[in-house]
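# Overview (structure and organization)
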2 protein chains.
Amino acid sequence: MSSADDNTPRGARARARIEVTAAIKDEARRQLAIDGAAKLSLRAVARELGMVSSALYRYFPSRDDLLTALIIDAYNALGESAEAAHRKTAGATPAQRWVAVCEAARDWALGNPHEYALIYGSPVPGYSAPQATVPAASRVGLLLIGITREAYQRHGLAKPRLPAELRPEAERMTAELAPDLPPETVTTLVAAWAQLYGLIGFELFGQFNRVVEDRTTFFRHAVGQLAHGVGLVYGE
Amino acid sequence: MSSADDNTPRGARARARIEVTAAIKDEARRQLAIDGAAKLSLRAVARELGMVSSALYRYFPSRDDLLTALIIDAYNALGESAEAAHRKTAGATPAQRWVAVCEAARDWALGNPHEYALIYGSPVPGYSAPQATVPAASRVGLLLIGITREAYQRHGLAKPRLPAELRPEAERMTAELAPDLPPETVTTLVAAWAQLYGLIGFELFGQFNRVVEDRTTFFRHAVGQLAHGVGLVYGE
DNA sequence: TCTCGTTTGTGAGCGGTGCTCTCGCTTGGT
DNA sequence: ACCAAGCGAGAGCACCGCTCACAAACGAGA
């Protein structure tokens, strides 16, 4: 244990760097929450932190890099939130846990709309998500896979029908995502994963205005149907 | 018929105005398609059109107003595309028409990604969609309702189950959207509508990268399942 | 046909942005 | 104790949205 705090920075200098970096991200997140990503301004962040704008470039080489950092943090916050909901439902049925995780994702999105828009809305300018975001981005998906796997191992699943033309792709996805699950299930799971974000996005971005009113109940039912489609049943 | 061309402008002046307005929108759409909404610049549009930037404000009072115009156009282009697909499948079964309409929406989105992002991605800055966009925005949804209605009137539908707690909301939505359909159907329909855009968005915004490869087949199957959930069956 | 008010285009300008570069100060490790 | 590396400051570049005062072009009514 001689290198106990090796991840804690070696010198005071490095420590300061981490602190300033965090302060920049915090202030940026503050502005993001208020005005949205488009109005996030490096100069304003620097101003608020009492430094000159050019100093900020010592920490983030460009505005896009700051945004990328915020994106990763947002993915992780969303994942964290979903995982917490998952832990809290340890005893429940898979279907109940599925709904709880989906509701946690929705709650996080409603509570942090601009951050959600940053990750699941249209990607900024000519921006394509760097590889670094991938692990953070997959946390909710992995959770849904885990819930399904748990149900499969405990009671088995109702397998959806799968057209022949989709079978090769289904098997490819299965091999990559969850080789222990049936391809029919994995395919439906991937679709449900995308559809979940359709439901959240429509509510968040105002598409449900004047259409759906009791959105919590509606959402709960819709994601329950998604779970049902994947093969989870409330009883088990 | 004395006022046959009343919508055609009275003088040459008014004619010029709509021509310039159209030219601005066209050039803006060009830039939008290349760089995305965030980089759309009034000055660049004006420059390309050989006018000075301030002149452009005679036609659009602000950048947001230009964007709003583009948004409405995009909704209409998407709606047009979907309606064309609907017309082309006049003889087919409702389920087939459903899939065709969804595929048309997807095709349009893939062909016009930045315009799609403009309407179904995160709304720009502090932007909330003006009332003027509503009719254009609902065209695809109305199409899906129409297909479902046709199926209902011809053969009836398999009614999904509806939990008691959702019944009031389901009946409210039904009264507003399609009083002639069963509330169970309307509820599932609204969810399917949102889920459709989850599927399109995930593909378009790169969430399916390294996950789904044969996206056309996958999409066709997923929206087929949506149709099935609403109660449409391929056979009928 | 002339005229006068409206419409349109011009150019300067304001305050803001992302980003670069050079300059000195501070400081941590040798 | 020194020196290179890290860091902040400030000026500056090119761009942005938007405003304003002004001049030219225009068309409808006298």
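Since the model is a prediction, treat every value here as computed from it, not as a measurement. (Residues numbered from 1 in each chain as written. Chains lettered and ligands numbered in written order. Predicted model: local features only at pLDDT ≥ 70, side-chain atom pairs only at ≥ 80, totals over all residues.)

Within chain A, the secondary structure is distributed over eleven helices and zero strands. N-terminal to C-terminal, the α/β element order of chain A is α-α-α-α-α-α-α-α-α-α-α. Counting over 236 residues, chain A shows a buried share of 42%. Taking the intrachain contacts of chain A between residues at least 6 apart in sequence as the baseline, contacts between residues at least 24 apart amount to 68%. (Helix = DSSP H or I, 4+ residues; strand = E, 2+ residues; numbered from the N terminus. Buried ≥ 20, exposed ≤ 12 C-beta atoms within 10 Å, placed from the backbone. Contact = placed C-beta atoms within 7 Å.)

What follows is about the protein's contact with DNA strand D. Surrounding DNA strand D, one finds 22 residues, the nearest of these being S54(A), S41(B), S54(B), S62(B) and R63(B). Looking at the surface near DNA strand D, the elements with two or more residues in it are helix 1 (12-35) and helix 3 (53-56) of chain A together with helix 1 (12-35), helix 2 (42-48), helix 3 (53-56) and helix 4 (63-88) of chain B. When its residues are assigned to classes, the surface near DNA strand D shows eight nonpolar, six polar and eight charged. (Near = placed C-beta within 6 Å. Nonpolar A, V, L, I, M, F, W, Y, C, P; charged D, E, K, R; others polar.)

Our next topic: the relation of the copies chain A and chain B. When chain A is fitted to chain B, the residual RMSD is 0.1 Å, and the transformation amounts to a turn of 180 degrees plus an axial shift of 0.0 Å. The two molecules are tied by a two-fold rotation axis, judged by turn and shift. Measuring from the rotation axis to each C-alpha of chain A, the shortest distance belongs to G198(A), at 1.7 Å. A symmetric contact is evident, with 100% of the interface residues of chain A recurring at the interface of chain B. (Least-squares fit on C-alpha atoms with pLDDT ≥ 70 in both.)

With that settled, consider the protein's contact with DNA strand C. In the vicinity of DNA strand C lie 22 residues, with G11(A), S54(A), S62(A), R63(A) and S54(B) positioned nearest. Taken together, the elements giving at least two residues each to the surface near DNA strand C come down to helix 1, helix 2 (42-48), helix 3 and helix 4 (63-88) of chain A together with helix 1 and helix 3 of chain B. For the surface near DNA strand C, the residue count by class is eight nonpolar, six polar and eight charged.

Moving on to helix 1 of chain B. Since one α-helical turn is 3.6 residues long, residues separated by three or four positions face the same way. Residue and element names in this part refer to chain B. With 24 residues, helix 1 extends 34 Å between its outermost C-alpha atoms, agreeing within 8% with the 34 Å of an ideal straight helix rising 1.5 Å per residue. Those residues of helix 1 that fall on the buried side of the exposure criterion are I24, A28, R29 and L32. For helix 1, the elements touching its buried residues are helix 2, helix 3, helix 4 and helix 6 (113-120). Downstream of helix 1 by one or two residues, G36 has phi in the positive range, about 90 degrees. (Expected span 1.5 Å × (residues − 1).)

With that out of the way, let us pick up the interface of chain A and chain B. Interface size, as often reported, equals the accessible area lost upon joining of the parts. Counting residues at the interface gives 41 residues for chain A and 41 residues for chain B. Only helix 9 (167-177), helix 10 (183-204) and helix 11 (215-230) of chain A provide two or more residues apiece to the side of chain A that touches chain B. A total of ten residues in the side of chain A that touches chain B trace back to one element, the largest contributor, which is helix 10 of chain A. Partitioning the side of chain A that touches chain B into residue classes produces 21 nonpolar, 13 polar and seven charged.

Residues and elements named next belong to chain A. Each assigned domain of chain A is listed with its residue range as follows: domain 1 (1-60) and domain 2 (71-230). Here the C-alpha centre of domain 2 lies 31 Å away from the C-alpha centre of domain 1. Tallying the contact residues gives five residues for domain 1 and seven residues for domain 2. Classifying every residue of the side of domain 1 that touches domain 2 gives three nonpolar, one polar and one charged. (Domains from an automatic or database assignment.)

Our next topic: the packing of helix 10 of chain A against helix 10 (residues 183-204) of chain B. At a closest axis distance of 7 Å, the pairing of helix 10 of chain A and helix 10 of chain B adopts a crossing angle of 110 degrees. The pairing of helix 10 of chain A with helix 10 of chain B is recorded here as roughly perpendicular in orientation. Seen along the crossing, helix 10 of chain A lies across helix 10 of chain B with a hand that is right-handed. Residues A191(A), A194(A), Q195(A), L196(A), Y197(A), G198(A), L199(A), G201(A) and F202(A) of helix 10 of chain A lie in contact with helix 10 of chain B, whose contacting residues are A191(B), A194(B), Q195(B), L196(B), Y197(B), G198(B), L199(B), G201(B) and F202(B). (Axes fitted to C-alpha atoms, helices over the stretch in contact; angles between N-to-C directions. Parallel < 35°, antiparallel > 145°, perpendicular 65-115°, else oblique. Left-handed = near helix turned anticlockwise from the far one by under 90°.)

Residues and elements named next belong to chain A. For R210, which is not glycine, the phi dihedral falls at a positive 65 degrees. Considering the arrangement of structural elements, one finds R210 in the loop between helix 10 and helix 11. Look at R210 and you get exposed, because 11 C-beta atoms sit within 10 Å.

Another point: the nonpolar core. Looking at soluble globular proteins, one finds that nonpolar side chains tend to be buried together. V101(A), A105(A), L196(A), V101(B), A105(B) and L196(B) are the most contacted members of the largest nonpolar core, which totals 132 residues. The residues touching A105(A), leaving out its near neighbours within four places in the chain, are L78(A), A82(A), V140(A), L196(A) and I200(A). (Core = buried A, V, L, I, M, F, W, Y, C linked by C-beta atoms within 7 Å.)

Residue and element names in this part refer to chain B. With respect to the secondary-structure elements, A178 resides in the loop between helix 9 (167-177) and helix 10. Owing to 19 C-beta atoms within 10 Å, A178 belongs among the partly exposed residues under this scheme. Sequence separation of A178 and G146 is 32 residues, and the distance between their C-alpha atoms is 9.1 Å. Beyond its immediate sequence surroundings of up to four residues, A178 is in contact with I145, R149 and V186.

Once that is clear, we can look at the confidence of the model for chain A. Residues and elements named next belong to chain A. This prediction gives chain A a mean pLDDT of 91; 92% of its residues lie at or above 70. Per-element averaging of pLDDT across chain A places helix 7 (residues 134-137) at the bottom with 90 and helix 9 at the top with 98. Contacts of residues 1-9 to residues separated by more than four positions or lying in other chains number three contacts, the stretch itself having pLDDT below 50. (pLDDT = per-residue confidence, 0-100.)

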